[in-house]
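Results of the structural survey
What follows is each chain in one-letter form.
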Amino acid sequence: MSKEKKSEFKPYHHPAGGWGAASATAKVLIEQSVLVKGSRGLLSMNQPGGFKCPSCAFPDADHRKKLEFCENGAKALAHEVTKGRVTHDFFEKYTVTELMEKSDYWLEMQGRLTEPMRYDAKTDKYVPVAWDDAFKLIGDHLQALDSPHQAEFYTSGRTANETAFLYSIFVREFGTNNFPDCSNMCHEPTSRGLPPSIGIGKGTVVLADFEHAEAIFVIGQNTGTNSPRMMTYLVEARKRGVPIVLINPMPERALIRFTEPQDVLQMATFGSTPISSEFVHVRIGGDLAIFKGMMKVLFEADERGEPALDHDFIAQHTLGLEAVREEAMSCSWADITRISGISEEQIRRIAAIYRKSNATIICFGMGLTQHQQGAHMLQQLANLLLLRGNFGKPGAGIAPIRGHSNVQGDRTVGIDEKPPQDYLDRVRDAFGFEPPRENGHHVLESLEAMEAGTAKVFIGLGGNFARAVPDTERSYNAMCNLNLTVGIATKLNRGHLVHGKDALILPVVARSEIIHTEAGEQFVTIEDAMSNVTASRGVFEPVTPHVLPETEIVCRMAMATLPKSKTAWDRYMVDYNPIRDKIAEVYPHIYSDFSEKIKNPHGFHLDIPPRRRVWMTPTGKANFLLMPGLEVDDAIADPAMLRLATIRSHDQYNTTIYSNNDRYRGVYNNRLVIFMNKEDMQDRGLENGAVIGLETYSSDDFRRYVDGLTVIDYPMPRGAIAGYYPELNPLLPLGVFDEVSGTPAAKSIPVKVVPSVASAAQIKITG
Ligand SMILES: Nc1nc2c(c(=O)[nH]1)N[C@H]1C(S)=C(S)[C@@H](COP(=O)(O)OP(=O)(O)OC[C@H]3O[C@@H](n4cnc5c(=O)[nH]c(N)nc54)[C@H](O)[C@@H]3O)O[C@H]1N2
Ligand SMILES: Nc1nc2c(c(=O)[nH]1)N[C@H]1C(S)=C(S)[C@@H](COP(=O)(O)OP(=O)(O)OC[C@H]3O[C@@H](n4cnc5c(=O)[nH]c(N)nc54)[C@H](O)[C@@H]3O)O[C@H]1N2
Ligand SMILES: [Mo]
């Protein structure tokens, strides 16, 4: 093990991207001992005939570029094709209790899982198990349940369409709609909030729209880190003089100034492009007040008879404007500026940018979704877009920037705990069984069932459920009640160590690897955040011959559980074309001729009706929806309260920690940090580098406390602090979530500073 490195805070003054990104790419390939293999992989990434990047869901370019990857895609690939191996010898060395003591970073750095393992309670170790025995164990546990609703079937968004579709069929044939999904913690407010408003819970823009936009808003999203390939489009737009408005409590480096790492000229001349034309330093949870303020400015102009609203569009395509107008006009500037932390002058300025633009794109991420009123707030964002007819014209629309590479696709092909009835009818007709009709569990409901002891089996198709969910200690305890936990994964993670009485780790063929079956090489498909469906073909041999393709694992779980099933699992297991034919049968409106269309090397686009100004809502129109007030999170009366946003560093992929650095925010060798405004520090008598504890304001009996956090003086708005996920998940109560979607309010945890009892290392502050 490397010796402990000194934690350091050294503000980053350079543009983001550029040489820093290029050298970080090389460094991670060398670190994982895969310079040659990794570089070869990067040439195939996101190219026709190659595989889709396992990192984010941003679409591929229109193939003008020879290279279509970013620094963080390179990290994801390097960690996937790493030389490190977790073999049975590894598991022989450590008890699970000992492994629990290791950090998430350490677990990740051990490398790829190589063979199926089963938990042995006598030795507290994972021991090898034959694949057949593993499937039999799963089948036995599932068959032994009193009701199919006692099992929870989690999906993480790396799962490909074919796998996710079959998994949804298996679980429904088994008899439940319990589909907790990573998206329940992510863009679920988008998926549930937008349909009543515009008829679909997906984004309405495509990449070409960025070339026609006259203004772009980026709200609550750290583009340079979490979807770096989008930076290219922001740089190009900026070079054309398009105003870019950034709304964020953190002045994210890449969104302020960026050097395109693939622009040789810019890099050679140390040039960079200023990205944001307006940085709106919003308080956590203050966005709604800004949206209402902007609407108010538009309505005022309209009342004066000045051009502000798209009256033709509103008349032809929408309902409900007057109530929304009245409500926005009733909001006072005093409240708007107090709650947002933004001056009336700046809100008027960005409203003027919005009003002047004939085609506006609004992009958003977790900074908007992970609030108690996330879904309703997004409906207000849609209202703002509707006011100027920003749907169904080039250069305009709403752009939720999704997380996992296929999180949107998984949802489209059936991972849905609240499935529509007409879809269930089509499943019945296509597969000849009667699917369950009642709603199943989302993530929080599945945890409740585990805590109550009514859930007995948990199967995780990818992901790291235990670490990603809120209320760490409580959730760990709930999971330990289970009779069986199954982790289907590429890498060892904490989710495999927080286990039920029986437990399995099932290793899979990764995205960049070739899927070999009896019928020959297979490919899978992925739907990106802009609804393009493309093929993904791995280019490397699987890590060992003992790992299985995810689709085969799903089919064999089904065969072991449903011996009388008439579904052709044994056929789907080897040939993925008939799976695509079934997808086409169940989703004829978007997936007709799937097998033909996917032959196009650039894939195809799934229909998004609002692009045609068609509204699949009950009214047949786009609806202005009402949300009274300006607050998106429950108020806490104590002036000592701070709102904590749990965010990602530049060197992590969700619960996967690539390093303990966060280059653009200037943090090195430490993840237990809290970004805090100077005045908030002074009020609490804290110096830069002080070590504190944080405690959550909870309305239940649990005390939620994290200790040993180093305070960093950072340009945050008053009352807003930030720190890293998943280390701070113990502070996030299970009971605090968006009521429409069940998404935990991970960006707005009410906390107070408490004295630290730990003696954490003092952080070195430089620069
Ligand atoms: N490299 C890398 N890429 C990733 C991921 C990763 O972990 N690493 N994760 C993937 C996944 S699953 C997802 S969902 C996405 C996540 O990508 P993002 O949506 O960018 O996620 P976060 O880092 O959680 O935080 C987003 C931003 O929200 C801001 N914020 C916090 N509170 C508020 C608020 O109240 N209002 C506003 N306006 N902003 C706020 C934070 O300052 C931060 O800049 O990225 C995906 N891509
Ligand atoms: N406090 C707080 N909590 C959050 C968030 C937050 O911002 N704040 N963000 C939420 C969000 S947006 C999300 S999406 C969730 C993420 O929740 P998850 O999707 O459950 O978590 P990941 O960390 O992405 O999962 C990583 C694991 O996936 C496995 N894996 C990687 N690639 C593959 C593959 O190709 N196949 C299979 N089978 N397994 C693979 C590896 O074993 C790896 O350890 O976390 C949520 N939790
Ligand atoms: Mo996500």
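All values derive from a computational prediction rather than experimental measurement.

So, on to the packing of aromatic side chains. All told, the structure shown has 30 aromatic pairs when counted by the stated rule. Each ring, one from phenylalanine 170 and one from tryptophan 569, has its centre 6.5 Å from the other, and the planes form 90°; the classification is edge-to-face. Taken together, the residues phenylalanine 170 in helix H8 (residues 161-174) and tryptophan 569 in helix H30 (residues 569-572) connect sequence positions 399 residues apart. Tryptophan 569 gets classed as buried once you look at its relative accessible area, which sits at 2%. With 5.9 Å between their ring centres and 85° between their planes, phenylalanine 675 and tyrosine 724 make a pair best called edge-to-face. Taken together, the positions of phenylalanine 675 in strand S29 (residues 673-676) and tyrosine 724 in strand S32 (residues 720-724) put the pair 49 residues apart, joining distant regions of the chain. Note on accessibility: phenylalanine 675 and tyrosine 724 belong to one class, buried. In this structure an aromatic cluster arises from ring pairing among Phe90, Phe91, Tyr94, Trp106, Tyr119 and Tyr126.

Moving on to the side chain of glutamate 300. By secondary structure assignment, the location of glutamate 300 is in helix H16 (residues 287-303). The buried category is assigned to glutamate 300, whose relative accessible area is 16%. Of note is the side chain of glutamate 300, whose polar atom sits 3.1 Å from the side chain of arginine 348. Contacts of glutamate 300, omitting those with residues within four sequence positions, involve Met329, Trp333 and Arg348.

Across the sheet, which stays open at both edges, the five strands sit in the order S12-S9-S8-S14-S15 with parallel pairing between neighbours. What marks the edges here is a single partner per strand, and that holds for strand S12 (278-280) and strand S15 (397-400). The sheet shows a mean angle of 15° between the axes of neighbouring strands, taken without regard to direction. Note that strand S8 (residues 215-219) and strand S14 (residues 360-364) share five bridges and pair parallel. By the bridge assignment, isoleucine 219 is partnered in S14 with phenylalanine 364.

Moving on, we get to the packing of helix H25 (residues 443-452) against helix H27 (residues 472-480). Between H25 and H27, the least distance of the axes is 7 Å, while the angle of their chain directions is 60°. One element, H25, and the other, H27, form an angle in the oblique class. Here H25 and H27 pass one another in a crossing that is left-handed. Where H25 approaches H27, its residues Leu447, Met450 and Glu451 are matched on the opposing element by Arg474, Ser475, Ala478 and Met479. Here the contact of H25 with H27 is composed, by residue class, of four nonpolar, one polar and two charged.

Once that is clear, we can look at the nonpolar core. Grouped together as the largest cluster of nonpolar side chains are 68 residues, with contacts concentrated most on Ile138, Leu142, Phe165, Tyr167, Phe170, Ile459 and Tyr591. Formed by 57 residues, the second largest nonpolar core is a distinct cluster that contains Val297, Phe299, Trp333 and Leu378.

With that out of the way, let us pick up the sheet that holds strand S22 (residues 532-536). As summarised here, the arrangement of the three strands in space is S21-S22-S23, forming an open sheet in which the pairing is antiparallel. Two strands bound the open sheet, and with one partner strand each, they are strand S21 (524-527) and strand S23 (604-605). Pairing of S22 with S23 involves two bridges; the strand directions are antiparallel. Across the sheet, residue asparagine 532 finds its bridge partner in S23, namely histidine 605. On the sheet, H8 packs against S21 and S22 and is oriented at approximately 90° with respect to S21.

On to the UniProt feature "domain: Molybdopterin dinucleotide-binding" (unreviewed entry) in the chain. In the UniProt entry, the feature "domain: Molybdopterin dinucleotide-binding" (unreviewed entry) is given for residues 642-747. For residues 642-747, helix accounts for 6% and strand for 34%, while the C-alpha atoms at its two ends are 12 Å apart.

Together, Ile30, Leu35 and Val36 line one region of the surface with nonpolar side chains, adding up to about 300 Å² of accessible area. If you trace the backbone, isoleucine 30 turns up in helix H1 (residues 18-31).

Let us now look at the site of ligand 1. Taken together, 31 residues surround ligand 1, and among them Asn248, Glu252, Asp287, Arg648 and Asn654 come closest. Glycine 220 is positioned with one of its backbone polar atoms (N or O) 3.4 Å from an oxygen atom of ligand 1. A distance of 2.5 Å is found between an oxygen atom of ligand 1 and a side-chain nitrogen or oxygen belonging to glutamate 252. Coverage of ligand 1 by the protein amounts to 99% of the 920 Å² it exposes when considered alone. Listed by contribution, the elements that provide at least two residues to the shell around ligand 1 are helix H12 (223-226), helix H21 (366-369), strand S25 (642-647) and strand S26 (652-653).

Residues in contact with ligand 2 amount to 31 residues; listed here are only the nearest, Tyr154, Ser156, Asn493, Thr655 and Tyr725. Taking arginine 158, its side chain carries an N or O atom lying 2.8 Å from a nitrogen atom of ligand 2. Between ligand 2 and the protein, one listed contact pairs an oxygen atom with a backbone N or O atom of lysine 491 at 2.8 Å. Protein contact buries 96% of the 930 Å² of open area that ligand 2 shows by itself. Taken together, the residues of the shell around ligand 2 break down into 13 nonpolar, 13 polar and five charged. Lining the shell around ligand 2 are residues from two domains, each supplying at least three of them: domain 1 (113-184 + 406-601) and domain 3 (642-765).

Parameters at a glance
Residues numbered from 1 in each chain as written. Chains lettered and ligands numbered in written order. Predicted model: local features only at pLDDT ≥ 70, side-chain atom pairs only at ≥ 80, totals over all residues. Heavy atoms only, no water. Phe/Tyr/Trp six-rings, centres within 6.5 Å; stacked < 30°, edge-to-face > 60°. Helix = DSSP H or I, 4+ residues; strand = E, 2+ residues; numbered from the N terminus. Buried < 20%, exposed > 50% of the residue type's maximum accessible area, 1.4 Å probe, protein only. Polar contact = N/O pair within 3.5 Å; in protein donor to acceptor, adjacent residues only side chain to side chain. Contact = heavy atoms within 4.5 Å. Pairing = 2+ DSSP bridges. Axes fitted to C-alpha atoms, helices over the stretch in contact; angles between N-to-C directions. Parallel < 35°, antiparallel > 145°, perpendicular 65-115°, else oblique. Left-handed = near helix turned anticlockwise from the far one by under 90°. Nonpolar A, V, L, I, M, F, W, Y, C, P; charged D, E, K, R; others polar. Core = buried A, V, L, I, M, F, W, Y, C linked by side-chain atoms within 4.5 Å. UniProt positions renumbered as here; feature names shortened; annotations may be inferred. Patch = residues over 30% accessible without salt bridge, like charges linked within 9 Å, V, L, I, M, F, W, Y side chains within 5 Å. Areas by Shrake-Rupley, 256 points an atom, 1.4 Å probe, with all protein chains shown as cover. Salt bridge = Lys/Arg side-chain N within 4 Å of Asp/Glu carboxyl O. Near = heavy atom within 4 Å. Domains from an automatic or database assignment.

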